Amino acid sequence: MYILLLVLAVIPGLLISYYIIRLDKYDREPRLHLLLNFVAGMLVTFPVLVVERAAARAGWDQPDHVGATIAFAFIAVALVEEGAKLLILLIYPYSLRKF
C-alpha cells in the first residue's frame, strides 16, 4: 500500500518534468538541474511535515470547529507547503544563469 502511495505522489512531478523537457525544444534546461530541483522538492516535505504536525498538535485540525479547520487548511497546510516550494525555487534554480 505504501509503495502505491509513493508512486502516486511521485508521478505528477515526473510528468511535469517530462512536459517541461518536451515543451522546451530550443533552449533546454540541463536535465541535472531539473533532477536536482525534483529531489529538492521531495526533500522539503520533511520540514513541512514537522510544521504541519505541530499545528495539528496545537489543535488546528479539529474537525468539529470550522474556524480551526479553515486555519489549518489555509495556513498550516497550504501556506507552509507552497512557501517551502517557493523557498526552494528561490534558493536553487533562480540563482542559476541557465534558468
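Figured I'd write up the structure that's included with this text. (Residues numbered from 1 in each chain as written. Predicted model: local features only at pLDDT ≥ 70, side-chain atom pairs only at ≥ 80, totals over all residues. Heavy atoms only, no water.)

### Concerning a nonpolar patch on the surface
How we decide: In this scheme, patches are assembled from residues that exceed 30% relative accessible area and form no salt bridge. Like charges are connected within 9 Å, while nonpolar side chains (Val, Leu, Ile, Met, Phe, Trp, Tyr) are connected within 5 Å. Residue exposure ignores everything except the shown protein chains as possible cover, and the areas themselves are Shrake-Rupley values with a 1.4 Å probe. Here, a salt bridge means any Lys or Arg side-chain nitrogen found within 4 Å of an Asp or Glu carboxyl oxygen. Under the scheme used here, helices are H or I runs from DSSP no shorter than 4 residues and strands are E runs no shorter than 2 residues, and both carry numbers assigned from the N terminus.
A cluster of nonpolar side chains, Leu-32, Leu-35, Leu-36, Val-39, Met-42, Leu-43, Phe-46 and Leu-49, forms an exposed patch at the surface whose accessible area comes to about 730 Å². Among the secondary structure elements, those contributing two or more residues to the nonpolar patch are helix H2 (31-43) and helix H3 (45-57). The leading source of residues in the nonpolar patch is H2, at six residues. The topology assignment puts Leu-43 in helix H2.

### Overview of the environment of Thr-45
Relative to the helices and strands, Thr-45 resides in helix H3. Along the backbone, Thr-45 and Ala-84 are 39 residues apart, and their C-alpha atoms lie at a distance of 8.3 Å.

### Some remarks on the layout of surface pockets
Our working definition: Throughout, the protein atoms alone are placed on a 1 Å grid, and a set of points is a cavity if a 1.4 Å probe fits but cannot get out or a pocket if it is open with protein on both sides within 12 Å along at least five of seven lines; lining residues have an atom within 4 Å of a point. Grid points are joined across faces, edges and corners, and a volume is the space filled by probe spheres set on the points. Under the scheme applied, nonpolar residues are Ala, Val, Leu, Ile, Met, Phe, Trp, Tyr, Cys and Pro; charged residues are Asp, Glu, Lys and Arg; polar residues are all the others, including Gly.
Each pocket or cavity is described by its volume, and for the largest pocket that value is around 980 Å³. Lining the largest pocket are 26 residues, and of these Asn-37, Phe-38, Gly-41, Met-42 and Lys-85 lie nearest its centre. Elements with a minimum of two residues in the lining of the largest pocket: helix H1 (2-23), H2, H3 and helix H4 (66-91). Looking at which element gives the most residues to the lining of the largest pocket, the answer is H1, with nine residues. Classifying every residue of the lining of the largest pocket gives 18 nonpolar, five polar and three charged.

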